[in-house]
Amino acid sequence: MILRSITRIVCEHCQRRALSSGRSFIQPAGPYSIYGHLLQQLCKSDSSKRALHCWWPVLLKPAGARASAKPLVKEELETEDSNELRTTTEQKQELLVPNVRIEDEEILKECYPRRTLSSSSSSSPTPSSAATAAAIKEQELEEDWREERVSLRRLPWVYLRLSKHRLTMLVVLTALGGYTMAPAPFHLDTLLWTVVGTGLCSAGANTINQWIEIPFDSQMARTMNRVLVRGIVSPLHALIFGLTSGAVGTVVLATLVNPLTAALGAANIFLYTSVYTPLKRLSIINTWVGSVVGSIPPLMGWAACSGTLHPGSLVLAGLLYSWQFPHFNALSWRLRGDYSRGGYRMMAVTNPSLCRRVALRYSLVATPLCLLAPACELTTWWFALDTLPLNGWLGYLGWRFYSEGDFKSARKLFRFTLFYLPFLFGLLIINKRTWS
């Protein structure tokens with residue numbers, strides 16, 4: 001109320017001064033336009049005008065305000081009925097840009113470069129304005145399609161992204177778990193070469209997978225920022241890196257560890273790149289194949305330590321195999337829209353009820369597998385007892401996901417699977433039966 005009174009007093013003062021000097025002063029309608037017109041009358045310097053024009057859209061926020069003031073630029077085009085509400089597109093745009101004198105046009109162009117350019121080109125399509133608009137459009141296109149140049153300093157980061165470093169780290173950790181659980185002597189050099197070879201094999205497989213799925217990853221919000229989709233490196237560069245990593249990793253395992261570990265690594269690369277990746281667009285069987293791929297790294301670690309496989313190693317592989325289903329099914333449930341846009345045939349997209357049933361089924365399978373671990377002389381019987389709360393909560397979350405089938409239950413199950421695996425391997429190592 002006080003602000004309106006002050007505004008009214010100042011407007012009356014400006015009107016008296018205008019009448020005394022022989023000029024006309026028209027008070028605009030609406031409180032916001034009163035404030036804006038008042039500032040326009042008070043601001044005389046160029047800096048004040050520039051600040052006024054930049055803040056004018058804020059002052060003129062109500063688009064439906066009645067503009068009864070005559071423009072200072074187009075006085076000859078104004079009709080007597082200036083109090084009617086403007087409805088055309090050009091008139092609505094005028095509410096966002098203040099009416100200024102001709103000498104203030106440069107300030108207006110400085111504050112509203114795009115708006116003034118479009119309005120000038122639409123009102124008077126002169127050759128110069130059309131050429132300027134074409135130049136600006138061409139510059140924007142060049143910025144959108146500019147060539148990416150990767151320096152040598154950024155190449156390690158690019159290779160980490162191509163390798164899916166988090167997934168590769170998980171693969172290496174599960175291989176380390178298999179190496180630790182094997183009933184054989186512990187050799188540090190063999191362990192290090194196992195880590196290097198397994199990491200290179202995983203990096204190569206992940207890179208080739210991204211190389212194959214470039215056109216499909218570009219359609220998914222989850223993968224649209226990947227290195228190959230953004231064009232940071234060329235597909236040929238990525239393919240060479242993937243093939244080289246896989247080949248070097250296999251050679252390292254074959255020469256510095258043992259042939260069995262190298263054969264498991266090569267088989268895993270083949271399964272992931274040549275079977276699992278194409279199946280993702282053909283059948284929901286891809287989830288079972290992907291689970292087999294995820295269960296092989298513990299076998300690689302076990303074979304690297306002992307040179308052979310044992311029923312205990314199959315228990316480790318079974319635990320990883322069963323873990324994949326609640327983990328991935330909960331993840332794919334949250335990303336059903338993305339997988340559908342990418343054209344991937346996942347259970348969450350083609351058969352949602354089967355997706356929930358499979359997640360529950362393998363959540364319950366973890367308990368009998370943990371009972372098999374002491375029976376195969378892998379751990380003590382304390383392991384079966386210690387994992388009961390862990391497996392019980394996993395089964396409960398799997399049941400919640402099966403019965404409710406919403407985003408919240410899928411998120412809880414997925415997050416718990418992230419904690420489940422390291423806790424499970426920690427209990428395996430603590431309760432290992434024999435140490436040599």
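Keep in mind that this is a model prediction, so the values were computed, not measured.

How would you explain the overall build of the protein if you had to name every residue and give the values?
Per the secondary structure count, the protein includes 22 helices and zero strands. Buried positions account for 42% of the 436 residues belonging to the protein. Sequence-distant contacts, at least 24 apart, represent 69% of the contacts inside the protein between residues at least 6 apart. By element, 63% of the accessible surface of the protein is carried by carbon and sulfur atoms, the whole surface being about 24,000 Å².

How would you sum up the packing of aromatic side chains? Please name residues and give values.
Taken as a whole and judged by the stated rule, the model has 14 aromatic pairs. Centre to centre, the rings of Y159 and F241 are 4.3 Å apart; their planes meet at 5°, and the pair counts as stacked. Of this pair, Y159 sits in helix α8 (residues 155–162) while F241 sits in helix α13 (residues 235–256); the two residues are 82 residues apart in sequence, bridging distant segments of the chain. Y159 sits in the partly exposed class, given a relative accessible area of 24%. A relative accessible area of 17% places F241 in the buried class. Among the aromatic residues, those joined into a ring-pair cluster are F216, F328, Y339 and Y344.

Which residues make up a nonpolar patch on the surface, and what values do they have?
Taken together, the side chains of F186, L188 and L192 make up a nonpolar region of the molecular surface, amounting to roughly 320 Å² of accessible area. Given the relative accessible area of 46%, F186 is considered partly exposed.

I'd like to hear about the packing of helix α9 (residues 165–181) against helix α10 (residues 188–212), residue by residue, with values.
Contact pair α9 / α10: the axes reach a minimum separation of 9 Å and the direction vectors enclose 145°. Note that α9 runs across α10; the crossing there is right-handed. On α10, the residues that touch L167, T168, V171, V172, A175, L176 and Y179 of α9 are T190, L191, T194, V195, T198, G199, S202, A203 and N206. Of the residues in the contact of α9 with α10, the class split is nine nonpolar, seven polar and no charged.

Got a sec to walk through the environment of S234? Specific residues and values, please.
Along the polypeptide, S234 turns up in the loop between α12 (227–230) and α13. Residue classification places S234 among the partly exposed residues on the basis of a relative accessible area of 38%.

Before we move on, can you summarise the pattern of salt bridges with the specific residues and values?
Applying the stated criterion to the full structure yields three salt bridges. The residue E213 makes a salt bridge to K280 at a minimum N-O spacing of 3.0 Å. Highlighted residues: E213 in the loop between α10 and α11 (214–217) and K280 in the loop between α14 (259–279) and α15 (286–306), separated in sequence by 67 residues. For K280, a relative accessible area of 10% puts it in the buried group. Two residues, D217 and R226, come together in a salt bridge whose shortest N-O distance is 3.0 Å. A relative accessible area of 3% places D217 in the buried class.

I'd love a proper account of the nonpolar core, names of residues and values included.
In terms of nonpolar packing, the biggest core is built from 66 residues, with L378, Y420 and L428 touching the most fellow members. Sorting elements by how many residues they give to this core places helix α16 (residues 311–334) first, with eleven residues.

Give me α13: which residues, what numbers.
In this model, α13 (22 residues) spans 31 Å end to end at C-alpha, consistent with the 32 Å of a helix rising 1.5 Å per residue. Looking only at α13, the buried set comprises A238, L239, F241, G242, S245, G246, G249, V252 and L253. Its buried side turned inward, α13 meets α8, α10, α12, α14 and α15.

Residues and numbers for the side chain of E213, please.
According to the relative accessible area criterion, E213 is buried, its value standing at 3%. Of the polar contacts made by the side chain of E213, one reaches the side chain of K280; its length is 3.0 Å. Apart from the residues within four sequence positions on either side, E213 is in contact with R226, T277, K280 and Y344.

Go over the environment of Y159, please, and point to the residues and values.
Between the alpha carbons of Y159 and F241 there is a distance of 8.1 Å; along the sequence they are 82 residues apart. Residues in contact with Y159, not counting those within four places in the same chain, are H237 and F241.

Mind laying out the packing of α9 against α15, listing which residues take part and the relevant values?
The relative placement of two packed helices is expressed as an angle between their axes plus a distance between the axes. α15 packs onto α9 with a crossing angle of 40° between their chain directions and a minimal axis gap of 6 Å. With respect to their mutual orientation, α9 and α15 come out oblique. When the axes of α9 and α15 are compared, the crossing they make is right-handed. Facing V171, T174, A175, G178, Y179 and M181 of α9, the residues of α15 in contact are P297, P298, G301, W302, A304 and C305. The class makeup of the residues in the contact of α9 with α15 is nine nonpolar, three polar and no charged.

So what's going on with unusual backbone geometry? Which residues, and what values?
What you tend to see is this: most non-glycine residues have negative phi, and most peptide bonds are trans. Its identity is not glycine, yet K164 carries a phi of approximately 50°, on the positive side. Structurally, K164 can be placed in the loop between α8 and α9. Despite not being glycine, E377 has its phi angle at roughly 60°, a positive value. Of note, E377 is situated in the loop between α19 (352–375) and α20 (381–386).

I'd love a proper account of the confidence of the model for the protein, names of residues and values included.
The share of residues in the protein with pLDDT of 70 or more is 67%, and the mean pLDDT across the chain is 75. Segment residues 24–40: pLDDT under 50, and 42 contacts once partners within four positions in sequence are set aside and those in other chains are kept. When the criterion is pLDDT under 50, residues 42–125 qualifies, and its contacts beyond four places in sequence or with other chains add up to 91 contacts.

Please provide a residue-by-residue account of the environment of L369, values included.
Secondary-structure assignment places L369 in helix α19. The buried category is assigned to L369, whose relative accessible area is 15%. In this structure, the C-alpha to C-alpha distance between L369 and V315, residues 54 residues apart in sequence, is 6.7 Å. Here L369 is in contact with V315, G318, L319 and S322, once residues within four sequence places are set aside.

What counts, and at which threshold
- Residues numbered from 1 in each chain as written.
- Predicted model: local features only at pLDDT ≥ 70, side-chain atom pairs only at ≥ 80, totals over all residues.
- Heavy atoms only, no water.
- Helix = DSSP H or I, 4+ residues; strand = E, 2+ residues; numbered from the N terminus.
- Buried < 20%, exposed > 50% of the residue type's maximum accessible area, 1.4 Å probe, protein only.
- Contact = heavy atoms within 4.5 Å.
- Areas by Shrake-Rupley, 256 points an atom, 1.4 Å probe, with all protein chains shown as cover.
- Phe/Tyr/Trp six-rings, centres within 6.5 Å; stacked < 30°, edge-to-face > 60°.
- Patch = residues over 30% accessible without salt bridge, like charges linked within 9 Å, V, L, I, M, F, W, Y side chains within 5 Å.
- Salt bridge = Lys/Arg side-chain N within 4 Å of Asp/Glu carboxyl O.
- Axes fitted to C-alpha atoms, helices over the stretch in contact; angles between N-to-C directions.
- Left-handed = near helix turned anticlockwise from the far one by under 90°.
- Nonpolar A, V, L, I, M, F, W, Y, C, P; charged D, E, K, R; others polar.
- Core = buried A, V, L, I, M, F, W, Y, C linked by side-chain atoms within 4.5 Å.
- Expected span 1.5 Å × (residues − 1).
- Polar contact = N/O pair within 3.5 Å; in protein donor to acceptor, adjacent residues only side chain to side chain.
- Parallel < 35°, antiparallel > 145°, perpendicular 65-115°, else oblique.
- pLDDT = per-residue confidence, 0-100.

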